[in-house]
Amino acid sequence: MQTINLNGRWQVLERPLEDAGKAGLGKALDCADEWLAARVPGEIHLDLVRAGKMAQPLVGINAQKSRWPEARSWWYRRTFTVADRFLALEQQQLIFEGIDLFGHVFLNGDLIGECRNAFIPAVFDLRGLLQTGRNELVVRVTGGGELVPGDIPRKGPEPVESLYDNRQWNEGVRHLRKPQFTYGWDWVDALPNIGIWRPVRLEG
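Because the structure is predicted, anything quoted here is derived from the model rather than measured. Going along each chain's sequence as written, the residues are numbered from 1 onward. Local features in this predicted model are restricted to residues of pLDDT 70 or higher, and side-chain atom pairs are both shown and tallied only at a pLDDT of 80 or more, whereas totals for entire chains, interfaces and linings draw on every residue. Note that water and hydrogens are dropped before the side-chain values are worked out from all heavy atoms of the structure.

(A) Highlighting the sheet that holds strand β7 (residues 102–107). At least two DSSP bridges between two strands are required for those strands to pair. Helix and strand definitions follow DSSP, with helices as H or I runs of at least four residues and strands as E runs of at least two, each counted in order from the N terminus. Read from one edge to the other, the open sheet built from 6 strands follows the order β3-β2-β4-β10-β7-β8, with strand pairing classed as antiparallel. With one partner strand each, in any of the chains shown, β3 (36–40) and β8 (110–115) form the two edges of the open sheet. In this sheet, adjacent strand axes meet at a mean angle of 30 degrees when their direction is disregarded. The sheet contact formed by β7 and strand β10 (residues 133–142) spans 6 bridges and is antiparallel. Within the sheet, the bridge partner assigned to His104 lies in β10 and is Arg140. Packing of helix α1 (residues 21–30) onto the sheet brings it into contact with β2 (8–16), β4 (72–82), β7, β8 and β10, and relative to β4 it is tilted by some 80 degrees. For helices, the axis comes from a line fit to the C-alpha atoms of the stretch in contact; other axes are also lines fit to C-alpha atoms, and the angle between any two N-to-C directions lies between 0 and 180 degrees. Throughout, a residue-residue contact means that at least one pair of heavy atoms, one from each residue, lies within 4.5 Å.

Structural data, given as structure tokens:
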């Protein structure tokens with residue numbers, strides 16, 4: 001077995017939530033000068049803090065001001081190289097140990113699959129998709145709030161004006177396969193994670 005480690009330095013780009021699919025990928029790749037440094041495994045709030053785009057969420061009441069990433073899509077990218085001997089192996093798989101939460105995975109400009117569960121690995125068969133030499137991997141990630149069915153009843157005395165700024169939508173959160181404690185507890189503000197939070201690798 002051969003393994004190619006894809007952890008470490010990536011780049012990340014903020015885009016509107018509605019940017020998706022190959023059209024969204026094209027728009028993201030056109031933003032040549034707007035990509036920020038990112039780390040994988042990691043999480044978008046950490047990348048934004050390191051880039052000076054967000055105050056440390058765990059200081060004071062900053063967590064309440066740090067929910068806006070949920071209303072955006074986040075495009076992670078990196079390049080890697082493979083040799084002919086890797087392509088000759090019987091199996092070639094791309095393995096994400098954890099994406100939180102809604103991920104679309106593109107390889108060399110083509111959508112190869114999606115994942116909707118932060119708790120289990122996402123495995124993609126790359127036979128016939130890799131090319132000798134340079135390859136580009138792009139992953140669109142969102143917090144997953146758009147997956148909550150629209151008819152879920154919201155609990156709480158205040159009216160719901162936005163899926164992303166309401167703290168009372170616990171019924172909807174139960175429909176997402178992600179750590180639910182990140183949506184708040186009696187001792188902590190909500191701060192849902194978004195990102196490629198566990199290791200990534202190629203296996204042949």
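Having seen the structure, we can now continue with the description.
(B) Main features of the sheet that holds strand β1 (residues 3–5). Strands sit in the order β1-β12-β5-β9 across an open sheet of 4 strands; the sheet is antiparallel. On the outer flanks of this sheet lie β1 and β9 (122–125), each paired with one strand and no other. Pairwise comparison of adjacent strand axes, ignoring direction, gives a mean angle of 20 degrees for this sheet. Bridge analysis of strand β5 (residues 93–96) against strand β12 (residues 200–203) gives 4 bridges, and the strand direction is antiparallel. From the neighbouring strand, Phe96 faces β12, where its bridge partner is Val200.

(C) Examining the packing of aromatic side chains more closely. The aromatic pairing rule takes the rings of Phe, Tyr and Trp, using the six-membered ring of Trp, and pairs them if the centres are within 6.5 Å, calling planes under 30 degrees apart stacked, those over 60 edge-to-face and the rest tilted. The full count for this structure, using the stated rule, is 3 aromatic pairs. With a centroid separation of 5.9 Å and 25 degrees between ring planes, the pair formed by Trp75 and Phe106 is classed as stacked. Here the residue Trp75 occupies a position in strand β4, and Phe106 occupies one in strand β7, the gap between them amounting to 31 residues. Residue Trp75 shares its accessibility class with Phe106, and that shared class is buried. Ring geometry for Phe96 versus Phe124: centroids 6.2 Å apart, planes at 85 degrees, classification edge-to-face. Whether a residue is buried, partly exposed or exposed follows from its accessible area with a 1.4 Å probe, protein chains only, as a fraction of its type maximum: under 20%, in between, or over 50%, in that order.

(D) Spotlight on the pattern of salt bridges. Salt bridges are defined by distance alone: a side-chain nitrogen of Lys or Arg within 4 Å of a carboxyl oxygen of Asp or Glu. Overall, the coordinates contain 11 salt bridges when judged by the stated rule. Note that Lys27 is salt-bridged to Asp19, the shortest N-O span being 3.8 Å. According to the relative accessible area criterion, Asp19 is buried, its value standing at 6%. Each of Arg15, Asp19 and Lys27 takes part in salt bridges that share partners, so that together they form one network.

(E) A nonpolar patch on the surface, seen in detail. Together, Phe181, Trp185, Trp187 and Val188 line one region of the surface with nonpolar side chains, adding up to about 530 Å² of accessible area. Within the fold, Phe181 resides in the loop between α4 (170–173) and β11 (195–196). Only residues whose relative accessible area exceeds 30% and that form no salt bridge are eligible for patches; like-charged ones are grouped when within 9 Å, while nonpolar side chains (Val, Leu, Ile, Met, Phe, Trp, Tyr) are grouped when within 5 Å. Per-residue and other accessible areas were derived by the Shrake-Rupley procedure at a 1.4 Å probe size, with only the shown protein chains allowed to occlude residues.

(F) Representation of unusual backbone geometry. The omega torsion of the bond from Val40 to Pro41 falls at 0 degrees, within 30 degrees of zero and hence cis. You can see Pro41 is positioned in the loop between β3 and α2 (44–50). At the junction of Asp100 and Leu101, the peptide bond is cis and its omega measures out at 0 degrees in the coordinates. Positionally, Leu101 belongs in the loop between β6 (99–100) and β7. Even without a glycine there, the phi angle at Asn108 is positive, about 50 degrees. Examined against the element boundaries, Asn108 turns out to sit in the loop between β7 and β8. Asn108 sits in the partly exposed class, given a relative accessible area of 26%.

Remember that the coordinates give geometry; whether it matters functionally is a separate question.
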